[in-house]
Amino acid sequence: GAYLREMQQRYGAEGERVARKMSRGQLQDAAFSFPLVEDLIERAQGLIGHSRFVVDQARSLRPNLPAAVVPMGVPLPPLLARDAAREQLGLPLDVPIWASFGHINPYKRMESALRAFKRFRAEQPDARYILVGSVSPSYDLAALIRRLGLSDSVVVTGYAPRADFERYVAAADLCLNLRWPTAGETSASLLRLLGAGRPTLVSAVGAFGELPGDVCAQVDADWSESALILAYARLLQTQPAVAEQLGINARSYVAHEHTLDGAAQGYMRFLGDLFGWGATPRLRDPLWQVEEQELVPVTSSAAPAPSETSALPEPVATTIAEVGTAAAELGLHESDDQPLREIAATLDDLLDERDSRKV
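What comes next is a walk through the structure.

Definitions and cut-offs
- Residues numbered from 1 in each chain as written.
- Predicted model: local features only at pLDDT ≥ 70, side-chain atom pairs only at ≥ 80, totals over all residues.
- Heavy atoms only, no water.
- Helix = DSSP H or I, 4+ residues; strand = E, 2+ residues; numbered from the N terminus.
- Buried < 20%, exposed > 50% of the residue type's maximum accessible area, 1.4 Å probe, protein only.
- Contact = heavy atoms within 4.5 Å.
- Areas by Shrake-Rupley, 256 points an atom, 1.4 Å probe, with all protein chains shown as cover.
- Pairing = 2+ DSSP bridges.
- Axes fitted to C-alpha atoms, helices over the stretch in contact; angles between N-to-C directions.
- Phe/Tyr/Trp six-rings, centres within 6.5 Å; stacked < 30°, edge-to-face > 60°.
- Polar contact = N/O pair within 3.5 Å; in protein donor to acceptor, adjacent residues only side chain to side chain.
- Salt bridge = Lys/Arg side-chain N within 4 Å of Asp/Glu carboxyl O.
- Core = buried A, V, L, I, M, F, W, Y, C linked by side-chain atoms within 4.5 Å.
- Right-handed = clockwise from strand over helix to strand, strands pointing away.

## Describing the overall build of the protein chain
Helix and strand content of the protein chain: 13 helices and eight strands. With 359 residues in all, the protein chain has 37% of them scored as buried. In the protein chain, once contacts between residues fewer than 6 apart in sequence are set aside, the share between residues at least 24 apart is 65%. Split by element, the accessible area of the protein chain, about 20200 Å² in all, is 53% carbon and sulfur.

Below, the structure written as structure tokens:
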């Protein structure tokens, strides 16, 4: 109700029409024309954006807004061997593999990507396409895959824990991170792909269009989209030296331009200038260290640390440990009482259902 009211009050009948369709699950490209940030931009003392695109969009609403472009900081992911990652995931070593990552919805250009893959598979019959991420309930991805006759070569994994995510990245010969329309977002998942040194295709739109041309291949989001995806895939498949150099450039770019320290310095510099703090303070040691976790084969079950789960049956303890890891990756803390209670209640229901089936 609040969304409908906001869209109607800000944008009139057209805003209300789009909002009603969106609320019924009918995703609309037109929704991207209604940013819903005008009041926020008007009240802001300053703006930090991760791209020139976002800063320009904000300044179109308020030209004199103090603003700065500061890179998104991401930990550099570990470099994993392609063949080892495939073995751990149970994937064949000698077939071309495409992969897309992140929440799947109509804006991720899946139809264009899958149509390109269908043509690629006619030339490489053993090729596979792995979609790593949850699927929007408003998007019938399964029907699209069936319609294109790709059910035997496209795998949808659903949500993947960080360790598996990194394995799928390493296992892929080609990563795709496409989207249109764009709300101006800078994609952390894309930076992880580039940081892992993988050859990657992006849409030539918004913030993604600002990436250097020797770091990733850019695809126009128009009638040529599928043809360009296919052309890049053929090039990188037949010229591995080009694919390797693209990956090297990508990792170097993230290592130099998207560090956590660089992001922190950028924030402090802008805020210091905005509020007259004088000299930018020296960065102190971080409150925590980002450590590269040891990746174990997915076929093995890592023993949980000694705790209350140690007395549980191994499958149950493993499930609880995996849920705990996923909650931590989502940023939940002990103080997040309500979501943790809901997670615990769901686990309890699942365990009760399992026990009832045994009876």
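## A closer look at the sheet that holds strand E6 (residues 174–177)
Read from one edge of the open sheet, six strands run E5-E4-E3-E6-E7-E8, paired in parallel fashion. For this open sheet the edge positions go to strand E5 (154–158) and strand E8 (217–219), each flanked by a neighbour on one side alone. Going across the sheet, the axis of each strand differs from the next one's by a mean of 25°, ignoring polarity. Of the strand pairs in this sheet, strand E4 (residues 128–132) and E5 are connected by four bridges, and their pairing is parallel. Pairing of Ile-130 across the sheet is with Val-155, part of E5.

## Concerning the packing of aromatic side chains
Within this structure, the stated rule accounts for eight aromatic pairs. Seen in terms of ring centroids, Trp-98 and Phe-120 are 5.2 Å apart; in terms of plane orientation they differ by 45°. Their pairing is tilted. Taken as a pair, Trp-98 in strand E3 (residues 97–101) and Phe-120 in helix H5 (residues 110–123) lie far apart in primary sequence, 22 residues in all. Its relative accessible area of 2% is what places Trp-98 among the buried residues.

## Focus: the side chain of Ser-100
Along the chain, Ser-100 turns up in strand E3. Overall, Ser-100 belongs to the buried group, its relative accessible area being 10%. In this structure the side chain of Ser-100 is engaged in a polar contact, spanning 2.6 Å, whose partner is the side chain of Tyr-129. Not counting residues up to four positions away in its chain, the partners in contact with Ser-100 are Tyr-129, Ile-130, Leu-131, Val-132 and Leu-176.

## A few points about the pattern of salt bridges
For the structure shown, the criterion picks out 16 salt bridges. The partner of Glu-6 in a salt bridge is Arg-10, with the nearest N and O atoms 2.8 Å apart. Taken together, the positions of Glu-6 and Arg-10, both in helix H1 (residues 2–23) and four residues apart, correspond to about one turn of that helix. In this structure Glu-6 comes out as partly exposed when scored by relative accessible area, which is 33%. With a relative accessible area of 29%, Arg-10 lands in the partly exposed category. Residues joined in a network through salt bridges with shared partners are Glu-6, Arg-10, Glu-38 and Asp-39.

## Observations concerning the nonpolar core
Core analysis: the largest hydrophobic core is formed by 30 residues, its most contacted members being Trp-98, Leu-114, Tyr-129, Leu-176 and Ile-229. Elements with a minimum of two residues in this core: H5, E4, helix H6 (141–147), E6, E8, helix H9 (225–238) and helix H10 (240–257). Of the residues forming this core, the biggest block, six residues, is contributed by H5. Setting aside its immediate chain neighbours within four residues, Trp-98 contacts Ala-113, Ala-116, Phe-117, Phe-120, Arg-128, Tyr-129, Ile-130, Leu-174, Leu-176, Ile-229 and Ala-233.

## Considering the pairing of E3
With respect to burial, E3 is a largely interior element, five of its five residues being buried. Going residue by residue along E3, you find Ile-97, Ala-99 and Phe-101 tucked away on one face and Trp-98 and Ser-100 tucked away on the opposite face as well. Note: E3 against E4, five bridges, orientation parallel. The partner of Phe-101 across the bridge, within E4, is Val-132. Assessed by its sense of winding, the connection that carries the chain from E3 through H5 to E4 is right-handed.

## With respect to helix H7 (residues 162–171)
In terms of residue burial, H7 counts as a mostly covered element, since eight of its 10 residues are buried. Inspection of H7 places Ala-163, Phe-165, Glu-166, Arg-167, Tyr-168, Val-169, Ala-170 and Ala-171 among the buried residues, and these make up the whole buried set. Elements in contact with the buried residues of H7: helix H4 (82–89), E3, E4, E5, E6 and helix H8 (188–195).

## Brief notes about the environment of Asp-152
With respect to the helices and strands, Asp-152 occurs in the loop between H6 and E5. At 2.7 Å, the side chain of Asp-152 and the side chain of Arg-121 are in polar contact.

## Some words on the pairing of E6
What you see with E6 is no split at all: Leu-174 and Leu-176 on one side and Cys-175 and Asn-177 on the other are buried throughout. As judged from the three bridges shared by E3 and E6, these two strands associate in the parallel manner. Directly across from Ser-100, in E6, lies its bridge partner Leu-176. Direction of pairing for E6 relative to strand E7 (residues 200–203): parallel, over a ladder of three bridges. Of the residues in E7, the one forming a bridge with Cys-175 is Thr-200. Each parallel crossover has a hand, and the one from E6 via H8 to E7 is right-handed.

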